[in-house]
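# Observations on the three-dimensional arrangement
If you want the building blocks of each chain, they are given just below.
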Amino acid sequence: MVQKKMLAHPELFSRLVDGPERIRESVQVSKPITGCPDGITKTVWDVLTRSAQLNPNGPLFGENVNGRHVFTTYREAVEEATIIGSGIVATMQKLHSTNKLIGIAGIHSRNYMHTMHAISGFDMTTVPLYHQSKLETLCDIIDNCKLEIVFCENATRAERFLSSKTPDRLQSLKMLIILDKTTTLQKHDDVEVMSLDDFKEIGKKNKRNPTKPKPETIYVICHTSGTTGRPKGVEMSHGSLLAAVSGIFTSWTIAYKWKFGQEDTYFSFLSLAHIYEHLMQTLTIYFGGRIGIYDGNTATLIPQIQKLQPTIVSLVPRLLNKLYEAVHNGVAKKGFISRKLFEYAKKVNTVFFIILTKYDKFQTKTRQLQYGVLRYDTFFDKIIFKKVISIFLKLMLGGKLKVLTTGGAPVTKEVKTFTRYAYGCPLVEGYGQTECSAAGTLTLPWDTTYGNVGGPAPWAQVKLVDVIEKNYMAVNDEGEVCFRGAALMTGYFQDPELTAKTIDSEGWLHTGDIGKWLPTGALQIIDRKNEMFKLCQGDFVSPIQIEAIYANSPLITQIYVTGNTERSFLVGIVVLDLPRFKQLPLVKALDGKEGMEAIMEKKDVKNAVIAELNKYAKENGLQTIELIRNVHLTLQEFSEENGLVTSTLKNRRKILEDYFAPQIAKMYKEIETL
């Protein structure tokens, strides 16, 4: 099947609005949208009940039970949510509580989903507690939100909270409800611990009709991650989330004419502590589809997907990278012919390409992408990608995919190109942040380009503003990326000052990312306004703070640490303290036999320096993600004279990046893993 471009002007991703601010909007709509196209659905609870009315016996939430997904229906999900919500209201009355913030901790499950919608349907707010966060961080969130009721995925999670309760910690906590089938529950003097079954009995005895939320009601408070400081609570209203959901719905089904409905299945892999997962789940429910839940067991991730056979899968770039590496490692183990066919399908020989197109009227996958065509029925689909490496490709993800989505960090050209032709479906990439519901820009379904994050989502206006200190000017189509529209956050929880700094008086959300408009109207992310940046797995790192630790090592005098948003690790330009360097055993053995420049280029010498530096860094508090994996060694000082530092001896990061660009590229090339 050929995926055709549906737009009147397919070369454009955005249109320029008249005016001095150079605002851009989506070409898929005549003006930014503000909500669902039906005009009736206003809240997440509306989304659930609407689909339950249309498809009451259809499967909704399914979790892995003995190797297969077992589902509750739409009708059952609404009933479960009503019972749990009634239990929450009764418990709040018992506690004389007016706090409508309810915590849910741990990996998600059917019970997690039912509880989340119970909170929504009774006009309360979910506070997800990310299962991979440090206990200290979760306790900070509980204290900051003064949570009284927290649902936990198991007794172990509950016990960790109970053990952390002190006269100065978790004093608001009054009840923990265990979502799994735990039979042994720890008792506590100040906190009641209860199984979900027992809690539901309270709900059944006090059953009431849901209290419908308003569009402006805060649906969820998602806490953003970072390497420094306490997490920020992003308040997202029902209306804002639905604007973002409607943006994707409009982009896919109205502008592009993609068909989604009750036959579709979404594989829920990401944590509900992330707004992106709320976005995709709500979209699936609006379609009337079903949601298969990942059980958290990485060893069975691929078998779970294969058995579920989803049509929609959202994966972070790091997992796309791992799939890419797994496929290529698998192909490397096959026979000579299979390897050559696979490589040919990626990079066609020009002469053979001409012969193929002349006689067989087929083009190879990569060259098709270069011409802006997506096909999934060619010779290479039927023979090479099905017969030769099928266990790694389409069947790896179940064989029924309509779309793969990704976001949170950039995807490399190689991985993006491979993903587009390998799995038998388009790849849609979103860019944004929690504060704008994760999907501020979207690549379009037919898109075959790379190096950009698409154009504005149908809900969004996007503009670039001057960043004078870095010489990025909006008049040159470069500057800080700003969003305005219906999908923005309400604000940061109990932090009006930070909210005002982030969303200006005209309603523009300032992201801190530096963007560039391409001639196609697509947005490219090229820099950060501040010095924190994101690695490919989604982790933020602060190079200035990392450099401050390394710089105290007696082995060096200066260091410049940098990263690549398409790679998962950091590298460093290291100015050595020569006398200390000569004391290293390897260097001692070579000194006098070879020149110092040659010694500094030796791999084992570099490894010895890396080991020494990272030992020091770990002793002084750096985390694994903050450690450098490769170095370029130099005796050249960073000085004001050579322009590499400021008059106050601060690294001039952009100039250092440009100056050492060949060495940085070489360091990344030397390490094959993404």
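Since the model is a prediction, treat every value here as computed from it, not as a measurement.

Cut-off values and rules
- Residues numbered from 1 in each chain as written.
- Predicted model: local features only at pLDDT ≥ 70, side-chain atom pairs only at ≥ 80, totals over all residues.
- Heavy atoms only, no water.
- Helix = DSSP H or I, 4+ residues; strand = E, 2+ residues; numbered from the N terminus.
- Buried < 20%, exposed > 50% of the residue type's maximum accessible area, 1.4 Å probe, protein only.
- Areas by Shrake-Rupley, 256 points an atom, 1.4 Å probe, with all protein chains shown as cover.
- Arc of directions from axis to C-beta.
- Contact = heavy atoms within 4.5 Å.
- 1 Å grid on protein atoms, 1.4 Å probe; cavity = no way out; pocket = protein on both sides within 12 Å on 5 of 7 lines; lining within 4 Å.
- Points joined across faces, edges and corners; volume = space filled by probe spheres on them.
- Nonpolar A, V, L, I, M, F, W, Y, C, P; charged D, E, K, R; others polar.
- Phe/Tyr/Trp six-rings, centres within 6.5 Å; stacked < 30°, edge-to-face > 60°.
- Pairing = 2+ DSSP bridges.
- Axes fitted to C-alpha atoms, helices over the stretch in contact; angles between N-to-C directions.
- Core = buried A, V, L, I, M, F, W, Y, C linked by side-chain atoms within 4.5 Å.
- pLDDT = per-residue confidence, 0-100.
- Salt bridge = Lys/Arg side-chain N within 4 Å of Asp/Glu carboxyl O.

Right, let's talk about the overall build of the chain for a bit. What the chain contains, in helices and strands, is 23 helices and 30 strands. Buried residues in the chain amount to 56% of all 674 residues. If you sum the accessible surface of the chain, you get close to 29,500 Å²; carbon and sulfur atoms cover 52% of it.

For helix H6 (residues 196-205), every residue scored as buried is listed here: Leu196, Phe199, Lys200 and Gly203. Down the axis, H6 shows its buried residues gathered within 100° of arc, on one side only. Close packing links the buried residues of H6 with helix H2 (74-95), helix H3 (110-121), strand E8 (149-152), strand E9 (175-178) and strand E10 (192-195).

Empty space among the atoms can be located by rolling a probe the size of a water molecule over them. Of the volumes computed, that of the second largest pocket is approximately 480 Å³. What lines the second largest pocket is a set of 23 residues, and nearest its centre among them are Glu63, Ser109, Asn111, Leu179 and Asp180. Counting residues per element, the ones that place at least two in the lining of the second largest pocket are strand E4 (59-65), H3 and H6. The class makeup of the residues in the lining of the second largest pocket is 5 nonpolar, 9 polar and 9 charged.

Under the counting rule described, the total for this entry stands at 16 aromatic pairs. Ring geometry for Phe269 versus Tyr294: centroids 5.1 Å apart, planes at 45°, classification tilted. Within this pair, whereas Phe269 is found in the loop between strand E13 (265-268) and helix H8 (275-287), its partner Tyr294 is found in the loop between strand E14 (290-293) and helix H9 (301-308), the two being separated by 25 residues in sequence. When its relative accessible area of 19% is taken as the criterion, Phe269 is described as buried. With 6.0 Å between their ring centres and 85° between their planes, Phe418 and Tyr423 make a pair best called edge-to-face. Here Phe418 falls in the buried class, since its relative accessible area comes to 1%. For Tyr423, a relative accessible area of 3% corresponds to the buried category. In textbook terms, an aromatic cluster arises when at least three aromatic residues are bridged by ring pairs, as seen for Phe249, Trp252, Trp258, Phe260, Tyr286 and Phe287.

The strand order across the open sheet formed by 6 strands is E2-E3-E21-E22-E24-E25, and the pairing between neighbours is antiparallel. Of all the strands in the sheet, just strand E2 (14-16) and strand E25 (523-528) have a single pairing partner and so form its edges. Along the sheet, successive strands turn relative to each other by an average axial angle of 40°, direction set aside. Bridging between strand E22 (residues 478-485) and strand E24 (residues 509-517) involves 5 bridges; their strand directions are antiparallel. Along E24, the bridge assignment pairs Gly479 with Gly515.

Turning to the environment of Gln132, a few remarks are in order. Structurally, the position occupied by Gln132 is in the loop between strand E7 (125-129) and helix H4 (135-145). Remark: the alpha-carbon pair of Gln132 and Ala105, spanning 27 residues in sequence, is separated by 9.9 Å.

Among the structural elements, Val29 can be located in the loop between strand E3 (24-26) and helix H1 (44-54). Judged by its relative accessible area of 14%, Val29 falls in the buried class. It is 9.7 Å that separates the C-alpha atoms of Val29 and Gly247, two residues lying 218 residues apart in sequence. Contacts of Val29, omitting those with residues within four sequence positions, involve Arg15, Thr250 and Pro458.

Let's shift gears to the sheet that holds strand E28 (residues 556-563). In space, the 3 strands of this open sheet follow the order E28-E29-E30, with mixed pairing throughout. Two strands in the sheet have a free side with no partner beyond their single neighbour: E28 and strand E30 (628-634). Ignoring which end each strand starts from, the neighbouring axes of this sheet average 25° apart. Across 7 bridges, E28 lies against strand E29 (residues 570-576) in antiparallel orientation. Directly across from Val561, in E29, lies its bridge partner Gly572. Where helix H23 (residues 661-670) meets the sheet, its contacts fall on E28, E29 and E30, and the angle it forms with E29 comes to roughly 125°.

Ranked by size, the top nonpolar core spans 118 residues in total, and within it Ile88, Phe151, Trp252, Leu404, Tyr423, Trp459 and Phe483 carry the most contacts. Membership of the second largest hydrophobic core comes to 29 residues, among which are Val587, Val605, Leu622 and Leu627.

Turning our eyes to something else, we now look at the confidence of the model for the chain. In regions of low pLDDT, the predicted coordinates are not meant to be interpreted in detail. A residue-level look at the chain finds 86% of positions with pLDDT of 70 or above and a mean pLDDT of 85. Low pLDDT (under 50) marks residues 1-10, which in the prediction has 25 contacts with non-local residues, meaning those over four places away or in another chain.

A word on the pattern of salt bridges. With the rule as written, the count across this model stands at 28 salt bridges. Note that Arg169 is salt-bridged to Asp140, the shortest N-O span being 2.8 Å. Here the residue Arg169 occupies a position in the loop between helix H5 (155-164) and E9, and Asp140 occupies one in helix H4, the gap between them amounting to 29 residues. Of the charged contacts, one joins Glu601 and Lys666 as a salt bridge, the two residues approaching to 3.8 Å between their closest N and O atoms. Of the two residues, Glu601 sits in helix H20 (residues 596-601) while Lys666 sits in helix H23, which places them 65 residues apart along the sequence. Glu601 sits in the partly exposed class, given a relative accessible area of 40%.

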